[in-house]
Amino acid sequence: MSKLRVAAGFAGALVVLGTAGRWGEAAQAGATVTGRVKFTGAKPTMRRIDMSEESACAAKYTTPPTEESVIVNTNGTLANVFVYVKSGLPAGYKPPAATTPVVIDQDGCHYKPHVFGIMVGQPLHIKNSDPLLHNIKSKGRANRPFNISQPNVTRTPTVRTFSAAEVMVSLECNVHGWMQAYAGVVAHPFFAVTGADGTFSLKGLPPGTYTIEAWHERYGVQTATVTVAGTETKTTEFTFAAK
Amino acid sequence: MTSHATTAPAGHAHHDDRSFLAKYVFSTDHKIIGIQFLFLSLFFLLVGGVLAMQMRWQLGFPNQPMPGGGILPETWATDGVLLPEYYIQLVTMHGTFMVFFAIMPLLVGVYANFLIPLKIGTHDMAFPRINMASFWVAFLAGAVMLSSMFVPEGPSRAGWTMYAPLSARADLSGVLLGQQLWCVAIILLGLSSILGSLNYITTVINNRAPGMTWFRLPLSVWSLFITAILGLLALPVLSGAGIMLLFDQTLGTHFFDTTAGGQALLWQHLFWFFGHPEVYILILPAMGMVSDIIANGSRKPIFGYHSMVFAIVGIGFLSWIVWGHHMFMSGMNPTLGSTFMVTTMIIAVPSAIKVFNWLGTMWEGNLHFHVPMLNAVGFVAMFVIGGLSGVFMAATPVDMPIHDTYFIVAHIHYVLFGGSLFALFGAITYWYPKMFGRMMNERWGKIHFWLTMLFFNLVFFPMHNLGMGGHMRRIYDPTVYNFLDPMQGVNRFISLSAFALFVVQGIFAVNFVWSLFRGKKADANPWRDNGLEWSLPNPAPHGNWERVPSVYRGPYEFSHPQASEDFLPQHVKLPGDQEPASAKGAAR
Amino acid sequence: MDWWLPLKGSTFAGPIDGLFLAILIITGIAFVVVEAGVLWFSVRYRHREGRKARHVHGSTKAEVVWTAVPAVTVVALGIVSNQHWERIKGRESVPADAYPIAIHAEQFEWNVTYPGPDGELGNGDDFTVRNQLHVPVGRNVLLVLTAEDVIHSFWVPVFRLKQDAVPGMTIRAWVQPTVAGEYELACAELCGMGHYKMRARVFVHPQPDFETWMQQQILEGAQS
């Protein structure tokens with residue numbers, strides 16, 4: 001009975017695939033790779049940022065703001081790790097159209113989010129919530145660099161897209177040297193960024209053997225190889241150690 | 001007056017059967033080329049003014065949406081509020097258009113072309129086809145420069161002085177294509193100026209009418225001649241520097257890239273080695289034309305003709321050894337600063353001589369304040385301020401607080417607007433009848449002069465105070481600094497005055513265009529002047545004279561005791577005048 | 001007076017402002033002479049029926065006078081100015097006891113490096129503070145200026161000190177602040193889109209306060 005249902009599901013998926021010709025719907029039916037990014041060793045202290053010169057930013061904090069290069073969660077996991085499928089996708093793979101915008105906000109003289117993933121061609125909406133000048137300079141190599149200034153709170157965000165896969169494109173503000181963000185630009189939707197629980201989940205993978213990479217701005221990259229079939233879920237863990 | 005005119009041989013060298021294209025577009029006639037330059041540079045004067053108005057909006061009303069700013073693309077303004085990068089593009093292009101495509105071609109392109117052959121008495125330039133090429137190359141340069149406004153990322157963001165490495169590295173300025181186009185346009189403009197200068201120099205040396213000795217040349221011709229020499233020697237340096245900059249951006253050379261062994265100050269030395277002679281290219285012709293007009297308006301010979309000539313030559317020479325005064329704060333060896341301070345101080349002397357000679361010309365004259373005279377006297381009154389404020393910058397210790405502030409902005413505008421542009425308003429009105437056969441409207445000319453004088457001073461005089469207070473130039477939003485807060489009211493006042501100054505120029509524009517069609521028909525010699533050009537009918541025909549007139553005296557014999565009227569043209573032979581020796585040769 | 005010169009905050013300010021005023025007076029006289037002449041002649045010799053201009057080509061005596069007077073004046077000005085210039089910017093002018101501070105300018109920040117406890121730059125105990133220049137009052141301070149990317153210009157109006165920071169060059173400038181207080185440091189050379197935001201605060205402390213601030217910084221540095 002259950003086998004039948006799975007078969008029906010597959011058939012349905014194939015119909016969708018056949019009619020719409022898009023992986024988007026079919027992706028929901030694929031396999032999942034999930035897991036955590038653990039952190040071992042002494043948790044480094046993040047340096048305090050003196051924002052006294054920008055009172056509008058300083059006013060947004062009750063505790064002194066710090067740098068954000070290493071954020072270790074209370075459960076011993078590491079946040080802001082970009083996990084993505086580095087290789088292994090089938091040759092004829094066509095990514096779904098990515099129309100939902102990714103938003104990056106300059107708020108309290110910090111980028112929110114600090115690390116994010118975005119697909120090639122997916123719109124990036126750049127907002128400024130601070131009533132002062134930020135410029136956002138992308139320093140991509142595969143992508144044409146941009147440098148946009150937003151001298152005040154934006155009412156309409158500025159929109160940019162990336163044209164090539166690149167991990168990572170660094171973004172920086174030259175007015176506030178501590179402001180740093182990273183965009184993982186990939187040509188498919190199989191990426192995630194670890195949050196406050198340190199977990200990630202890559203869903204809807206077609207069957208195959210994948211190289212999964214985890215990237216952290218200070219601790220570098222780690223890779224794992226995972227083979228999935230059907231709609232199974234596989235778990236993999238990454239561990240970064242303090243330096 | 002007509003009695004003199006009839007003594008001149010009538011014009012009309014050839015029967016004119018050229019096609020429209022040959023006559024007005026691809027013309028080799030120096031007068032048509034001058035008029036082409038006139039329209040081209042007046043267009044860029046307008047463009048430069050429009051850019052300035054946007055800058056003034058931002059400075060007077062920071063972070064407020066500019067009226068009409070909504071039509072600007074998102075790379076220039078969001079919701080009508082100008083962006084910082086667009087602001088510095090405005091700064092860059094305002095300076096570039098005004099210096100290279102408005103004032104310089106207005107003075108040199110228009111008047112060297114139009115006046116030299118007419119005033120020295122010859123049929124055309126020595127190399128008419130090179131002359132035509134000079135205009136079309138300048139036209140192309142203007143088109144390229146204008147196009148840089150409309151490419152992705154827009155035009156250059158490095159200021160009109162293009163200081164490297166900001167100008168050399170796109171990763172630092174954020175502009176590549178616009179910056180490259182700037183270089184290409186400047187290289188082309190340099191080519192145009194070199195072609196033009198070559199022509200002016202050759203023509204003045206070789207093609208003077210019989211009897212037109214060096215010391216019978218009008219001061220306008222003298223100044224245009226020295227200007228041409230400066231242009232011929234200075235523009236290659238700019239073009240060369242432009243080529244190096246273009247190579248840095250395009251081919252990966254490192255002339256100015258300090259991370260790879262280049263030198264940042266090299267650009268400044270090259271730029272200002274060109275740039276200071278350039279400053280005199282932008283003022284010498286104005287001085288020359290003002291001299292002609294003031295003598296005419298005073299009905300008196302110019303005071304101290306010879307010292308005027310030597311002052312022009314002296315300024316021309318000294319302009320080559322003062323460039324370092326732009327670089328006192330640059331990190332250049334301070335001992336060099338001392339040297340450049342001395343040379344810079346000395347260049348004040350010939351300028352002073354000129355000013356006092358103009359005053360001497362007016363002294364005991366019979367002053368007719370026609371529109372050109374008003375503007376010429378306005379030039380003297382305003383140029384003095386620009387010249388004197390230069391002494392502050394020349395003194396190296398005083399330059400320290402005022403360098404790169406609005407004091408400098410005030411100075412350059414007193415020289416280039418108060419100086420050159422007033423002279424040009426005078427010159428355009430003065431030679432308009434010989435160009436177009438009609439007079440510009442006198443009453444509106446006077447209204448334009450007085451309103452311009454008023455608003456010009458309201459805009460630029462307070463900038464001295466901003467500069468004394470330390471107000472940096474080229475900053476997008478002064479309100480970022482606490483010490484500039486008390487000056488914001490002055491900034492707003494300047495902006496409002498600037499808008500008025502811009503509107504007032506509409507009077508000139510309308511007068512100029514209206515008079516083309518409806519202006520009073522002009523006599524051959526409406527200003528009762530002595531120059532050879534006034535012996536020709538209006539507008540002067542192709543080829544000028546069938547046979548060029550002989551010259552018997554200098555150009556400033558007004559109120560001559562032997563003349564029945566208060567002027568005595570250069571070509572009128574009085575009893576006892578010797579026929580010039582060269583006049584016996586073939587007709588020139 | 002918002003429309004006049006700012007507070008005199010260094011030992012340079014007095015002489016520079018004095019020279020400024022001297023030039024203002026000299027040029028002011030020239031200005032009045034010329035403008036008065038223009039106005040007076042314009043009214044006095046304006047065209048009237050029957051007026052005839054005097055046919056005269058010049059006057060050697062007058063021309064010699066108005067060549068010589070400006071020449072002597074500007075040369076004298078040059079000599080006086082140069083003495084101050086040598087004292088302020090001359091290569092040998094930096095006092096030997098000056099307290100060294102390194103300033104590294106980059107788009108669009110000032111990175112100010114202090115010498116730490118040993119009072120000398122480059123010995124490993126240095127620390128860097130962004131966009132804040134702390135100096136003791138009444139003491140000579142040496143500023144070692146460098147630039148990361150493009151040309152910037154160090155400009156503190158109350159000090160009357162301006163000096164470009166040029167990539168590829170190390171430029172030494174010095175100043176002795178005379179009035180304690182909080183001031184502003186601006187970039188005076190167009191350095192890109194954020195040029196106008198390249199602002200730092202300048203704190204001129206009485207010597208004891210400066211020591212206290214220094215101790216605090218050293219302590220905080222040790223903690224993180």
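Residues numbered from 1 in each chain as written. Chains lettered and ligands numbered in written order. Predicted model: local features only at pLDDT ≥ 70, side-chain atom pairs only at ≥ 80, totals over all residues.

### So, the overall build of chain B
Step number 1: Across its full length, chain B carries 18 helices and two strands.
Step number 2: For chain B, the C-alpha radius of gyration of 24 Å lies close to 25 Å, the compact-globule estimate for 588 residues.
Step number 3: With the C-alpha coordinates of chain B rotated into their principal frame, the extents come out at 75 × 50 × 50 Å.
Step number 4: Residues classed as buried in chain B amount to 65% of the 588 residues present.
Step number 5: Long-range pairs, those at least 24 residues apart, make up 82% of the contacts in chain B between residues at least 6 apart in sequence. (Helix = DSSP H or I, 4+ residues; strand = E, 2+ residues; numbered from the N terminus. Rg over C-alpha atoms; globule rule 2.2 N^0.38 Å. Buried ≥ 20, exposed ≤ 12 C-beta atoms within 10 Å, placed from the backbone. Contact = placed C-beta atoms within 7 Å.)

### Brief notes about the overall build of chain A
Step number 1: From N to C terminus, chain A includes three helices and 16 strands.
Step number 2: Going through the 243 residues of chain A one by one, you find that 35% of them count as buried.
Step number 3: Partitioning the contacts of chain A with sequence separation of at least 6, the portion at a separation of at least 24 is 66%.

### Quick notes on the interface of chain C and chain B
Step number 1: With 78 residues of chain C at the contact, the number on the chain B side is 85 residues.
Step number 2: Within the residue set of the side of chain C that touches chain B, elements represented by two or more residues are α1 (13–44), α2 (60–89), β6 (152–156), β7 (161–165) and β9 (181–187) of chain C.
Step number 3: In terms of residue count, the dominant contributor to the side of chain C that touches chain B is α2 of chain C (16 residues).
Step number 4: A breakdown of the residues in the side of chain C that touches chain B according to their chemical character gives 41 nonpolar, 20 polar and 17 charged. (Nonpolar A, V, L, I, M, F, W, Y, C, P; charged D, E, K, R; others polar.)

### What about the packing of helix α4 (residues 84–120) of chain B against helix α5 (residues 128–147) of chain B?
In helix packing, the relevant descriptors are the interaxial angle and the interaxial distance, both defined with respect to the helix axes.
All names here are of chain B.
Step number 1: Packing of α4 against α5 brings their axes to within 12 Å, and their N-to-C directions diverge by 165°. The pairing of α4 with α5 is recorded here as roughly antiparallel in orientation. The handedness of the crossing between α4 and α5 comes out as left-handed. For the pair formed by α4 and α5, the contact residues are T96, F101, P105, G109 and N113 on the first element and N131, A138, G142 and M145 on the second. (Axes fitted to C-alpha atoms, helices over the stretch in contact; angles between N-to-C directions. Parallel < 35°, antiparallel > 145°, perpendicular 65-115°, else oblique. Left-handed = near helix turned anticlockwise from the far one by under 90°.)

### Regarding the sheet that holds strand β16 (residues 233–241) of chain A
Residue and element names in this part refer to chain A.
Step number 1: The three strands lie next to each other as β13-β1-β16, forming an open sheet whose pairing is mixed. In the strand order of this sheet, the two ends are held by β13 (199–205) and β16, each with one partner. Shown here is a sheet whose adjacent strand axes are inclined to one another by a mean of 20°, direction ignored.
Step number 2: The sheet contact formed by strand β1 (residues 31–40) and β13 spans five bridges and is antiparallel. Along β13, the bridge assignment pairs V33 with L202. (Pairing = 2+ DSSP bridges.)

### Describing the environment of G252 of chain B
Residue and element names in this part refer to chain B.
Step number 1: Tracing the backbone through its elements, the reader meets G252 in the loop between α8 (219–250) and α9 (264–281).
Step number 2: G252 sits in the exposed class, given 9 other C-beta atoms within 10 Å.
Step number 3: As for G252 and S156, which are separated by 96 residues in sequence, their C-alpha atoms are 18 Å apart.

### Thoughts on the environment of Y280 of chain B
Residue and element names in this part refer to chain B.
Step number 1: Assignment of secondary structure puts Y280 in helix α9.
Step number 2: Linking Y280 and S223, residues 57 residues apart in sequence, is a C-alpha distance of 9.9 Å.
Step number 3: Ignoring anything within four residues of it in the chain, the contact list for Y280 reads L230, I315, G316 and S319.

### Some words on α5 of chain B
Residues and elements named next belong to chain B.
Step number 1: Taking 1.5 Å of rise per residue, the 20 residues of α5 would be expected to cover 28 Å, and the 29 Å separating its terminal C-alpha atoms lies within 8% of that figure.
Step number 2: All of the buried residues along α5 are N131, M132, S134, F135, A138, A141, G142 and M145.
Step number 3: Those residues of α5 that are buried are in contact with α3 (30–60), α4 and α7 (177–206). (Expected span 1.5 Å × (residues − 1).)

### A few points about the pairing of strand β8 (residues 147–150) of chain A
All names here are of chain A.
Step number 1: Neither face of β8 is left uncovered, since the one carrying N147 and S149 and the one carrying I148 and Q150 both have all their residues buried.
Step number 2: Bridge count for strand β7 (residues 134–138) against β8 is four bridges, and the pairing is antiparallel. Pairing of N135 across the sheet is with S149, part of β8.

### Things to note about the interface of chain A and chain B
Step number 1: Counting from both sides, the interface comprises 10 residues of chain A and, opposite them, 11 residues of chain B.
Step number 2: A class-by-class count of the residues in the side of chain A that touches chain B yields three nonpolar, six polar and one charged.

### Some details on helix α18 (residues 488–518) of chain B
Residues and elements named next belong to chain B.
Step number 1: Taking 1.5 Å per residue as the helical rise, α18 with its 31 residues ought to reach 45 Å, and the 45 Å between its terminal C-alpha atoms agrees with that figure.
Step number 2: Within α18 the residues assigned to the buried category are V490, N491, I494, S497, A498, L501, F508, N511, F512 and S515.
Step number 3: Where α18 is buried, its residues contact α3, α16 (406–436) and α17 (442–468).

### Let's talk about the sheet that holds β9 of chain C
Residue and element names in this part refer to chain C.
Step number 1: Taken in spatial order, the five strands of this open sheet run β4-β10-β9-β6-β7, and their pairing is mixed. Edge positions in the open sheet fall to β4 (132–136) and β7, since each of these has one partner strand only. Each adjacent strand pair in this sheet contributes to an overall mean axis angle of 25°, direction not counted.
Step number 2: Sheet topology places β6 next to β7; five bridges connect them, and they run antiparallel.

### Remarks on the packing of helix α10 (residues 284–298) of chain B against helix α13 (residues 348–362) of chain B
All names here are of chain B.
Step number 1: For the pair α10 and α13, interaxial distance at closest approach is 9 Å and the crossing angle is 15°. Compared by their axis directions, α10 and α13 come out roughly parallel. Here the hand of the crossing between α10 and α13 comes out right-handed. Residues M287, I294, A295 and S298 of α10 touch α13, and the partners they reach there are K354, W358, T361 and M362.
Step number 2: Looking at the contact of α10 with α13, its residues break down into five nonpolar, two polar and one charged.

### A few points about the pairing of strand β2 (residues 109–114) of chain C
All names here are of chain C.
Step number 1: Pairing of strand β1 (residues 99–106) with β2 involves five bridges; the strand directions are antiparallel. When the sheet's bridge partners are listed, I103 is paired in β2 with V112.
Step number 2: Where β1 folds back onto β2 in an antiparallel hairpin, the turn is made up of two residues.
Step number 3: Bridge count between β2 and strand β3 (residues 127–130): four bridges; the pairing is antiparallel. When the bridges of β3 are listed, T113 appears paired with T128.

### Quick look at unusual backbone geometry
Step number 1: In this model, K112 of chain A is joined to P113 of chain A through a cis peptide bond whose omega is 0°.
Step number 2: One can find P113 of chain A in the loop between β4 (110–112) and β5 (115–119).
Step number 3: In this model, Q107 of chain C is joined to F108 of chain C through a cis peptide bond whose omega is -5°.
Step number 4: One non-glycine residue, R474 of chain B, lies in positive phi territory at about 60°.
Step number 5: In this structure, R474 of chain B sits in the loop between α17 and α18.
Step number 6: The backbone of R160 of chain C sits at a positive phi, close to 60°, despite the residue not being glycine.
Step number 7: Position of R160 of chain C relative to the elements: it lies in the loop between β6 and β7.

### Focus on the confidence of the model for chain B
All names here are of chain B.
Step number 1: Residue-level pLDDT values for chain B average 92, and 96% of them are 70 or greater.
Step number 2: In this model residues 1–13 is a low-confidence stretch, pLDDT under 50, and it forms 32 contacts with partners more than four residues away in sequence or in other chains.
Step number 3: Reported confidence for the predicted complex is 0.95 by ipTM and 0.90 by pTM. (pLDDT = per-residue confidence, 0-100.)

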